[in-house]
Each structure stands twice: as C-alpha cells, then as structure tokens.
Amino acid sequence: MNRVTFYFDGFNFYNGLKEQSKADKSWRKYYWFDVVKFCQSFISPDQTLVAVKYFTSDPLNVQQRQRHKKFFEVNSVLNPNTFQIINGKYKKKNIECNLCHSVFEHPEEKRTDVNLSVSLLLDCALDKTDTLILVSADTDLIPAIQAIKVNYPTKKIRVYFPPSRTSGELYEEMKRNIVYLAKNKYKFEGAKLPNNVEISGVTYSIPDEWKMS
C-alpha cells in the first residue's frame, strides 16, 4: 500500500483561499472544513493517508488567532491520529516607508518554510511515506523538492497549488505533477463542516466572521 502524506503551507493556503473568496464569495464557506477528509478525497484505492501536516504560525492579531484556534481544535479532535500542526511564529519587523520615511511594525512569519522543508526531507530519510503532496505555491520550497528527487528517487512528490496561487518556477520543476485546487471546488464542498460540530458532548462552532450571510 502506497503511503501518502500531505504538507500544507498554511499561510500560503489560507491567503489563497481568502483571495479566492474575494473574487467569488461562495468560496468563503470553505474556511471551515475537515482537512483530512479533503485530503482523503484525493487518495486512490491503492493508497493510504498516513498524515496531514499543517505548517502555520499563531497570528499576532487576537481575533485572527482565536479563529485559527477554533479551526485547529475541530480538526485535531476530528482526526487526532492524522492531523498534525507544526508551528512557526510571527515576529514584528520594523519597516521604513520609502515615501514618508516613517517606521512601522509589520508581522513577518518565520520558520514555516524551514519547518516544511525539514519535514519533507526527514520523512523521506526515515521512510515514513511514499508519496509527498505539498500544498503550496512557494518557490522557496524548490530546493527541498530537488533534494528529494536526487536523494530519494523512489519517492513521489506532487504539488497542489492553493486557490488563487500559482508559480511558473514550481510548474516547470514539477511539470505534470501539479494539481490546481481551484479546479476542485467539489472536493472542498464534500469536506465542508456544519456550523456546529458536536464531538463527545463538546460543540465546536464556526467563527462568526466565517459564517455565510
């Protein structure tokens, strides 16, 4: 049985989904979804899903952090043996405006790319998976992909572009091994969660800001 692992670049994925929902409001209902069920919909009968790794960082904004916490809680409870969260962090960075030369703070996500690259390579080195599916359009991950191709040629690697995200460099690197998630809206629909999910007597509710009006 071919073992499959998904690796979500959380920042890239979420912002792509957010941008997609601005162009088409119907996508907004997919903020609240079962990540493992979504990944399972891409698995063929001769494959088994061994892990879904979601690489992210806790937002500095309190409201955003609370929304993300609810999303991670419901997914962790639904799929405790499959869904994994790997945290980086946000760091405040001072940026100077080129026009007025004012200095302001800007949050910058740190460690996610490194954490993701290390995980991809370690899972190959420790033979924890056979097929690696990277959900991202970040070109910073190309060196890790190339290292896997050279050092672990028996491993299969695929790239799934998040909604509203593409990369010419990644496309050239992967050639045909690309999936556009924007073309798989029905799979998002199949993994959509109800507004209130009750598990073992505990109710997990969608953030109010994510509810469809």
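Before going into details, it helps to say that this report is about the structure given with it.

**Observations regarding the overall build of the protein chain**
When helices and strands are tallied, the protein chain shows seven helices and ten strands. The long-range fraction of contacts in the protein chain, counting pairs at least 24 apart against all pairs at least 6 apart in sequence, stands at 73%. Approximately 11,600 Å² of the protein chain is accessible, and the part contributed by carbon and sulfur atoms is 48%.

**Some remarks on a nonpolar patch on the surface**
A cluster of nonpolar side chains, Val114, Val118, Leu122 and Leu126, forms an exposed patch at the surface whose accessible area comes to about 360 Å². Within the secondary structure layout, Leu126 lies in the loop between α4 (112-125) and β6 (131-135).

**Some details on the packing of α4 against helix α5 (residues 142-151)**
It is at 9 Å that the axes of α4 and α5 come closest, and there the two elements cross at 10°. In terms of axis orientation, α4 runs roughly parallel to α5. Between α4, through Ser117, Leu120, Leu121 and Cys124, and α5, the contact on the second element is made entirely by Ala144, Ala147 and Ile148. Here the contact of α4 with α5 is built from residues that sort into six nonpolar, one polar and no charged.

**Concerning helix α1 (residues 10-23)**
End to end, α1 covers 20 Å across 14 residues, agreeing with the expected 20 Å (1.5 Å per residue, within 8%). For α1, the full list of buried residues reads Gly10, Asn12, Phe13, Tyr14, Gly16, Leu17, Gln20 and Ser21. Buried residues along α1 sit against β1 (2-9), β2 (47-56), α3 (62-78), β6 and α7 (185-191).

**A look at unusual backbone geometry**
Of note, Asp127 is a non-glycine position whose phi angle comes to about 50°, a positive value. Of note, Asp127 is situated in the loop between α4 and β6.

**A closer look at the environment of Val35**
Its place among the elements puts Val35 in helix α2 (residues 35-40). Sequence-wise, Val35 and Thr82 are 47 residues apart; in three dimensions their C-alpha atoms are separated by 10.0 Å. In this view, Val35 contacts Phe8, Val52, Phe71, Asn75 and Phe83; residues no more than four positions away in its chain are not counted.

**Looking at the sheet that holds strand β8 (residues 178-180)**
What the six strands build is an open sheet, ordered β3-β2-β1-β6-β7-β8; its pairing is parallel. The open sheet has two edge strands, β3 (83-87) and β8, and neither has a second partner. Strand after strand, the sheet turns through a mean of 20° between neighbouring axes, direction not considered. Direction of pairing for β6 relative to strand β7 (residues 156-161): parallel, over a ladder of five bridges. Looking at the pairing, Leu132 lines up with Ile157 of β7. The sheet contacts of α3 involve β2 and β3, and relative to β3 the element is tilted by about 145°.

**Some thoughts on the pairing of β2**
Of all ten residues in β2, seven are buried, a share of seventy percent or more. When β1 meets β2, the two strands line up parallel, connected through eight bridges. Opposite Phe6, over in β2, you have Val52 as the bridge partner. Note that β2 and β3 share five bridges and pair parallel. From the neighbouring strand, Tyr54 faces β3, where its bridge partner is Ile85. Running through α3, the crossover from β2 to the neighbouring parallel element β3 is right-handed.

Quick notes on the rules
- Residues numbered from 1 in each chain as written.
- Predicted model: local features only at pLDDT ≥ 70, side-chain atom pairs only at ≥ 80, totals over all residues.
- Heavy atoms only, no water.
- Helix = DSSP H or I, 4+ residues; strand = E, 2+ residues; numbered from the N terminus.
- Contact = heavy atoms within 4.5 Å.
- Areas by Shrake-Rupley, 256 points an atom, 1.4 Å probe, with all protein chains shown as cover.
- Patch = residues over 30% accessible without salt bridge, like charges linked within 9 Å, V, L, I, M, F, W, Y side chains within 5 Å.
- Salt bridge = Lys/Arg side-chain N within 4 Å of Asp/Glu carboxyl O.
- Axes fitted to C-alpha atoms, helices over the stretch in contact; angles between N-to-C directions.
- Parallel < 35°, antiparallel > 145°, perpendicular 65-115°, else oblique.
- Nonpolar A, V, L, I, M, F, W, Y, C, P; charged D, E, K, R; others polar.
- Expected span 1.5 Å × (residues − 1).
- Buried < 20%, exposed > 50% of the residue type's maximum accessible area, 1.4 Å probe, protein only.
- Pairing = 2+ DSSP bridges.
- Right-handed = clockwise from strand over helix to strand, strands pointing away.

By themselves, these are just geometric observations and shouldn't be taken as functional.
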